[in-house]
Amino acid sequence: MSSDEDVMPLVALLPAHCEFDEEEKAAALVLPVFRFTFGDDVALLSPPPASPCRAIHRGFMLSAERYAQLEIELRKTYNLVLVVTAEEYEAAHYYPNSYQHLLNAGLTPPALWQPVPEPATVTEECFQEVFEKICSEWPARYTSVLLKDYVKSAKATSQRFQQVPVNSELPEMCCELVAARGVRFNRGVVLKAWVQLALYPNRGGFTTNEWRLFFGRGSLLSMEANSYQDADTAPPPPEEVVARAEQVAHSVSNPYFSLDLAETEEEGWIALEIGDGGVSGPAPGQDLNKLW
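Residues numbered from 1 in each chain as written. Predicted model: local features only at pLDDT ≥ 70, side-chain atom pairs only at ≥ 80, totals over all residues. Heavy atoms only, no water.

1. Quick notes on the overall build of the chain
Of the regular secondary structure elements, the chain holds nine helices and 15 strands. Structurally, the chain occupies a C-alpha span of about 60 × 50 × 35 Å along its principal axes. Relative to its full complement of 292 residues, the chain shows a buried share of 51%. In the chain, once contacts between residues fewer than 6 apart in sequence are set aside, the share between residues at least 24 apart is 65%. (Helix = DSSP H or I, 4+ residues; strand = E, 2+ residues; numbered from the N terminus. Buried < 20%, exposed > 50% of the residue type's maximum accessible area, 1.4 Å probe, protein only. Contact = heavy atoms within 4.5 Å.)

2. Thoughts on the sheet that holds strand S7 (residues 144-149)
The strand order across the open sheet built from four strands is S6-S9-S7-S8, with neighbouring strands paired in antiparallel fashion. Taken across any chain shown, the strands that pair with only one partner, and hence form the sheet edges, are strand S6 (111-115) and strand S8 (164-165). In the sheet, S7 pairs with S8 via two bridges, with the strands oriented antiparallel. Considered in S8, the bridge of Ser144 is made with Pro165. (Pairing = 2+ DSSP bridges.)

3. Thoughts on the sheet that holds strand S2 (residues 33-38)
Spatially, S3-S2-S1-S4-S5 is the arrangement adopted by the five strands of the open sheet, whose pairing is mixed. On the outer flanks of this sheet lie strand S3 (42-44) and strand S5 (80-82), each paired with one strand and no other. Averaged over all neighbouring strand pairs, the angle between strand axes comes to 40°, with direction disregarded. Of the strand pairs in this sheet, strand S1 (residues 10-15) and S2 are connected by four bridges, and their pairing is parallel. Residue pairing for S2: Pro15 is matched across the bridge by Phe36. Each of S1, S2, S3, strand S4 (53-57) and S5 touches helix H3 (residues 64-78); the most contacted strand, S5, lies at about 150° to it. (Axes fitted to C-alpha atoms, helices over the stretch in contact; angles between N-to-C directions.)

4. Structural notes on the pattern of salt bridges
Tallied over the entire structure, the rule returns 12 salt bridges. Note that Glu23 and Arg58 form a salt bridge whose closest N and O atoms lie 2.9 Å from each other. Taken as a pair, Glu23 in helix H2 (residues 21-28) and Arg58 in the loop between S4 and H3 lie far apart in primary sequence, 35 residues in all. Summarising the burial analysis for this pair, Glu23 and Arg58 share the class buried. Two residues, Arg35 and Glu24, come together in a salt bridge whose shortest N-O distance is 2.6 Å. Here Arg35, found in strand S2, pairs with Glu24, found in helix H2; they are 11 residues apart in sequence, far enough to count as distant. One continuous salt-bridge network, built from bridges that share partners, spans Asp21, Glu24 and Arg35. (Salt bridge = Lys/Arg side-chain N within 4 Å of Asp/Glu carboxyl O.)

5. With respect to the side chain of Thr85
Turning to its location among the elements, Thr85 is positioned in the loop between S5 and helix H4 (86-93). Residue class for Thr85 comes out buried when judged on its relative accessible area of 18%. Look past the residues within four positions of Thr85 in its chain and what remains in contact with it is Tyr67 and Glu71.

6. A few points about the packing of aromatic side chains
A complete count under the given rule lists seven aromatic pairs for this structure. Ring geometry for Phe20 and Phe60: centres 5.0 Å apart, planes at 85°, overall edge-to-face. Here the residue Phe20 occupies a position in the loop between S1 and H2, and Phe60 occupies one in the loop between S4 and H3, the gap between them amounting to 40 residues. You can call Phe60 partly exposed: its relative accessible area is 35%. Considering the side-chain rings of Tyr95 and Tyr99, the 6.0 Å spacing of their centres and the 45° angle between planes classify their relative orientation as tilted. With Tyr95 and Tyr99 both in helix H5 (residues 95-104) and four residues apart, the pair spans about one turn of that helix. (Phe/Tyr/Trp six-rings, centres within 6.5 Å; stacked < 30°, edge-to-face > 60°.)

7. Concerning the side chain of Gln229
Within the secondary structure layout, Gln229 lies in the loop between strand S13 (219-225) and helix H8 (239-249). Look at Gln229 and you get buried, because its relative accessible area is 9%. A distance of 2.9 Å separates the side chain of Gln229 from the side chain of Asn209, its partner in a polar contact. Polar contacts involving the side chain of Gln229 include one to the side chain of Ser227, which spans 2.8 Å. In this view, Gln229 contacts Asn202, Thr207, Thr208, Asn209, Glu210, Trp211 and Ala234; residues no more than four positions away in its chain are not counted. (Polar contact = N/O pair within 3.5 Å; in protein donor to acceptor, adjacent residues only side chain to side chain.)

What follows is the structure, encoded as structure tokens:
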């Protein structure tokens, strides 16, 4: 963002969908709010500002291509300049772009990925090389992987990709993940070393200990429990882990992003993922007034 843009007035930009009505109330306490729809084109529901403004966008996940369209149309038609550019959005939205930052901070087990430019015609052969690298290069203790695309896992529809054995059937499972994600598939397949997350009793069962952190321009904005854990039994991330997350915040090329931390059974704390802050939902029970 240029110095001229940095001094522009700040506004909030939210989808017209009712899911963001509560966020509008919170945002309106501190900023002018603009709601919009985004079909083939962007349309604001109210007159645009008379002079250019910076816009903090919070909304649904978009592909990098759709986000770039959003950025261009808002600037050209509505005098709105997104705080997070399309390039910065992509830096946080797609896992391979943030992996090295997490690795440098000691916050991730090993991971590899395979681009899939043509999901409809993907074959097992596409994943043979990455399978062989896992077998030859990873420590022997990593005997399973978690499969996801560059943005999301398929856990909403199936748990079978959450812990996949590293064996000759792994390339086939990668193909099945592509099929399971269908039209929502994002760019390629990520194979992350599976580690057992710590579990704590809660509501008659057990839950993980995950925390969602939001960062703005390298500073920690909030840190909230993100897996319905009992705060009396599940501890927050230690200060040194938060410090490593802050190290990531200073290296990722995105001024507003989220980072999810999780406690493991044997490997301390890890980062599950990074996401653009504008398309990362609040943690359960998070105070939206404080978030804004």
